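Coordinate inspection notes
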Amino acid sequence: MTDNPTSQPPTSPQPTGRIVLLTVSHRVAPGLLSFQAWDALRAADHVLCADAGHPLLPYVWDAGVTVEIAAPTATELVDACGPGVTLVVIPPAAESADTALTDGLARLAGSGRAAMPDLELLPGSYDVPGARLLDLVQVMDRIRRACPWTSTQTHEGLAKYAIEEAYELVEAIEDGDATELREELGDVLLQVALHARIAEDAADASDAFSIDDVAATLVEKLIHRHPHVFGDETAQTPEDVHALWLRTKAVEKHHRTSVTDGIPLGQPALALAAKLAGRARSAGLDVKLPDVPAGADEVGRALLAMAVHAETTGADPETSLRTAARAYRDAIRAAESAPPSA
């Protein structure tokens, strides 16, 4: 077999350039980048960033990486990325950052009219679960400082809205509408964020606290009340968990002088009656229903008796009555739409 005299010797593939678009989350501390991100930054021939005030830059500079403050177009970036050259682009920090560069690179790659370098999207940091709560804190802080209405609000003035939002949340749960439930949960969360932000402005420094203090208190309480999850206790059934919960709360509330301490009297009357009955039953107290004073309306005592009976059987009288009331509402609407009888 003879060689073809016209054949050319094989050639090595020419190296291509590489453009790395580094994505970072503005909700994560700017110095916390992935190993791959730091490796790409240190190995790059050029690192570009259009935002001279980018929070990541001080950390990159401290690591000995030179950053050029520049905002090239897609065409200019491709032209500058010669064979074997690696360019790393740090995008703007804001979530709503301009996408002109990435859109331009996509159009160039799709046009077929340009010799494109390798394009890589490299996540440098990720949002962790709950990261959007940081946005909520920032937005609430700005509204509290800049909104003429919000900046003057007090805990007392906003109390009624907390009640309203809680009822709307319950209605969304009863309706079974996931979209409505999501929105109403947000409205309840708004109340928490706003009240916590107001507390930061307390005139007495000893009364001031932040949303972080609220979260820290809750985390501490949850861990303490779930020793079967975070400690050495064992609970195999929901009943075991409930019994453990009651024992843990009893230790926490040892300073109470009455089993009724801590029960908010402002809650709906049926829920209040059931709560009182539950506390009495848990304490092993045999409490008779109070006598109705002469001439007084006996409806209250009858409702109290029903609420106590419901709690004893494991039913929630408030929920039961709400369910019946909703059915009654539907019956009223049906009666309104029914044709008049002859």
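Structural notes, computed from the coordinates. Throughout this document, residue positions are counted from 1 along each chain, in the order its sequence is written. Totals for whole chains, interfaces and linings use every residue, but because this is a predicted model, local features are given only for residues with pLDDT of at least 70 and side-chain atom pairs only at 80 or more, for both listing and counting. Think of the side-chain values as coming from all heavy atoms in the structure, minus any hydrogens and water.

1. Describing the overall build of the protein chain
Only DSSP runs of H or I reaching four residues or more are called helices, and only runs of E reaching two or more are called strands; each is numbered from the N terminus. When helices and strands are counted, the protein chain shows 13 helices and 5 strands. Throughout, radius of gyration means the C-alpha value; the globule benchmark is 2.2 Å times the number of residues raised to the power 0.38. Whereas a compact globule of 342 residues would reach a radius of gyration of roughly 20 Å, the protein chain reaches 33 Å, over 25% beyond that. Taking the principal axes of the C-alpha coordinates as reference, the protein chain spans close to 120 × 70 × 60 Å. Type-normalised accessible area, obtained with a 1.4 Å probe on protein chains alone, sets the label of each residue: buried when under 20%, exposed when over 50%, and partly exposed for intermediate values. Residue burial in the protein chain is summarised as follows: out of 342 residues, 24% are buried. A sequence separation of at least 24 residues applies to 62% of the contacts in the protein chain between residues at least 6 apart. Contacts are residue-level and defined by heavy atoms, with any inter-residue pair within 4.5 Å sufficient.

2. Observations concerning a nonpolar patch on the surface
Nonpolar side chains collect at one region of the surface, where Leu133, Leu189, Val192, Phe209 and Val214 lie side by side and expose about 360 Å² of accessible area between them. Counting through the fold element by element, Val214 comes out in helix H8 (residues 211-225). Its relative accessible area of 33% is what places Val214 among the partly exposed residues. The residues that make up patches have over 30% relative accessible area and no salt bridge, and they are joined within 9 Å when like-charged or within 5 Å when they are Val, Leu, Ile, Met, Phe, Trp or Tyr. Exposure was quantified through the Shrake-Rupley algorithm and a 1.4 Å probe, taking into account, for residues, occlusion by the shown protein chains and nothing else. Only one rule defines a salt bridge in this text: a Lys or Arg side-chain nitrogen within 4 Å of an Asp or Glu carboxyl oxygen.

3. Re a negative patch on the surface
Neither His nor the chain ends is counted toward charge; the positive residues are Lys and Arg and the negative residues Asp and Glu. Charge positions are represented by NZ for Lys, CZ for Arg, CG for Asp and CD for Glu. Together, Glu164, Glu168, Glu171 and Glu183 make up a region of like negative charge exposed at the surface. With 3 residues, helix H6 (residues 155-175) is the single largest residue contributor to the negative patch. Topologically, Glu168 is positioned in helix H6. For Glu168, a relative accessible area of 34% corresponds to the partly exposed category.

4. Focus: the pairing of strand S4 (residues 86-90)
Along S4, 5 of the 5 residues are buried, which leaves the element largely enclosed by surrounding structure. Burial along S4 is two-sided: Thr86, Val88 and Ile90 and Leu87 and Val89, pointing in opposite directions, are all buried. Between any two strands, pairing holds if DSSP finds at least two bridges. Strand direction decides the pairing type here: strand S1 (residues 18-23) and S4, joined by 4 bridges, are parallel. Among the inter-strand pairings, Arg18 is bridged to a residue of S4, identified as Thr86.

5. Observations regarding the side chain of Glu318
Mapped onto the elements of the fold, Glu318 is located in helix H13 (residues 317-337). One buried charged residue, Glu318, remains without a salt bridge, the closest side chain of opposite sign being Arg322 at 5.3 Å. With residues up to four places along the chain from it excluded, the contact list for Glu318 reads Pro268, Leu270 and Ala271.

6. Focus: helix H7 (residues 178-200)
To estimate how far a helix should reach, multiply one less than its number of residues by 1.5 Å. Here H7 spans 33 Å end to end across 23 residues, near enough to the 33 Å set by a 1.5 Å rise per residue. Listed as buried for H7 are Glu184, Gln191, Ala193, Leu194, His195, Ala196, Arg197, Ile198 and Ala199. At its buried positions, H7 is contacted by helix H5 (132-146), H6 and H8. Whenever two N or O atoms come within 3.5 Å, that pair is a polar contact, provided that in protein one can donate a hydrogen and the other can accept it, and provided that, for residues adjacent in sequence, both atoms are side-chain atoms. Two or three places before Thr179, at the start of H7, stands the capping residue Asp177, its side-chain oxygen 3.0 Å from that residue's backbone nitrogen.

7. Focus on the nonpolar core
Grouped together as the largest cluster of nonpolar side chains are 18 residues, with contacts concentrated most on Leu22, Leu41, Val47, Val60, Val88 and Ile90. Elements with a minimum of two residues in this core: S1, helix H1 (35-43), strand S2 (46-49), helix H2 (57-62) and S4. At 4 residues, the largest contribution of residues to this core is made by H1. Setting aside its immediate chain neighbours within four residues, Val47 contacts Leu41, Val65, Thr66, Val67, Glu68, Val88 and Ile90. Working definition of a nonpolar core: buried Ala, Val, Leu, Ile, Met, Phe, Trp, Tyr and Cys residues. They are joined through side-chain atoms within 4.5 Å.

8. Quick notes on the layout of surface pockets
Reported here for the largest pocket is a volume of approximately 680 Å³. Taken together, 23 residues line the largest pocket, and the ones lying closest to its centre are Leu246, Lys275, Gly278, Arg279 and Ser282. Sorting the residues of the lining of the largest pocket by element identifies helix H10 (238-252) and helix H11 (269-282) as the ones contributing at least two each. Ranked by residues supplied to the lining of the largest pocket, first place goes to H11 with 7 residues. Residue type decides the class: Asp, Glu, Lys and Arg count as charged, Ala, Val, Leu, Ile, Met, Phe, Trp, Tyr, Cys and Pro as nonpolar, and the leftover types, Gly among them, as polar. Among the residues making up the lining of the largest pocket, the classes are represented as 9 nonpolar, 6 polar and 8 charged. Buriedness for pockets is judged along seven lines, at least five of which must meet protein on both sides within 12 Å for an open set on the 1 Å grid over protein atoms alone, while cavities are sets there where a 1.4 Å probe fits but cannot get out, and lining residues have an atom within 4 Å of a point. Grid points are joined across faces, edges and corners, and a volume is the space filled by probe spheres set on the points.

Just distances and angles here, no functional claims.
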